[in-house]
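Chains, contacts and geometry: an overview
Read off the chains here:
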Amino acid sequence: MEQIVRTPRQLGEALKRYRRKLGLNQTELGAKTKLRQATISTVEAGEPGTQIGTLCDVLAALHLELVLRPRTTSSADEIEDIF
């Protein structure tokens, strides 16, 4: 299932959904990524200071990848409605 995200908060929510879909809690995901549970929580909360390397580690552990493409014409508010 593809998801469009435009804000750190939307990205965090999407990652949380995928984690739960895999049946993992934050501590288990932290063990897979060698990150603390608190760091996973920060990523899922959409904190804008997340390092790119941390994001890549979380994506890999969730079997996800980042794809860049031209932006659609939907507004951020319309994207929010998806969530």
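Residues numbered from 1 in each chain as written. Predicted model: local features only at pLDDT ≥ 70, side-chain atom pairs only at ≥ 80, totals over all residues. Heavy atoms only, no water.

The next subject is the overall build of the protein. Per the secondary structure count, the protein includes five helices and zero strands. Counting from the amino terminus, helix and strand elements in the protein follow one another as α-α-α-α-α. The burial tally for the protein puts 29% of its 83 residues in the buried class. Considering only residue pairs separated by 6 or more positions, the protein has 65% of its internal contacts joining residues 24 or more positions apart. Carbon and sulfur atoms provide 53% of the accessible area of the protein, an area that totals close to 5800 Å². (Helix = DSSP H or I, 4+ residues; strand = E, 2+ residues; numbered from the N terminus. Buried < 20%, exposed > 50% of the residue type's maximum accessible area, 1.4 Å probe, protein only. Contact = heavy atoms within 4.5 Å. Areas by Shrake-Rupley, 256 points an atom, 1.4 Å probe, with all protein chains shown as cover.)

With that out of the way, let us pick up the environment of Gly49. Among the structural elements, Gly49 can be located in the loop between helix H3 (37-44) and helix H4 (52-61). The sequence separation of Gly49 and Pro8 amounts to 41 residues, and the corresponding C-alpha distance is 9.3 Å.

Counting residues in hydrophobic clusters, the biggest one holds twelve residues: Leu15, Tyr18, Leu24, Leu29, Leu35, Ile40, Val43, Leu55, Val58, Leu59, Ala61 and Leu62. Broken down by element, the residue count for this core peaks at four residues, all from H4. Ignoring anything within four residues of it in the chain, the contact list for Leu62 reads Leu15, Tyr18, Arg19, Leu22, Leu24 and Leu29. (Core = buried A, V, L, I, M, F, W, Y, C linked by side-chain atoms within 4.5 Å.)

The subject of this paragraph is the side chain of Thr33. Checked against the element boundaries, Thr33 lands in helix H2 (residues 26-33). The exposure class assigned to Thr33 is buried, which follows from its relative accessible area of 10%. Here the side chain of Thr33 touches Leu29 through a polar contact of 3.0 Å, landing on its backbone oxygen. The contact partners of Thr33, leaving out residues within four places of it in the chain, are Ile40, Asp57, Val58 and Ala61. (Polar contact = N/O pair within 3.5 Å; in protein donor to acceptor, adjacent residues only side chain to side chain.)

A rise of 1.5 Å per residue sets the reference length of helix H1 (residues 8-21), with its 14 residues, at 20 Å; its end C-alpha atoms lie 20 Å apart and thus fit the reference within 8%. Positive phi appears at Gly23, one or two residues downstream of H1, with a value of about 75°. (Expected span 1.5 Å × (residues − 1).)

What follows is about the pattern of salt bridges. Under the defined criterion, the tally for this structure stands at two salt bridges. Across the pair Glu44 and Arg19 runs a salt bridge, and its minimum N-O distance is 2.5 Å. In this pair, Glu44 sits in helix H3 while Arg19 sits in helix H1, placing the two residues 25 residues apart along the sequence. The two residues Glu44 and Arg19 agree in class, both being buried. (Salt bridge = Lys/Arg side-chain N within 4 Å of Asp/Glu carboxyl O.)

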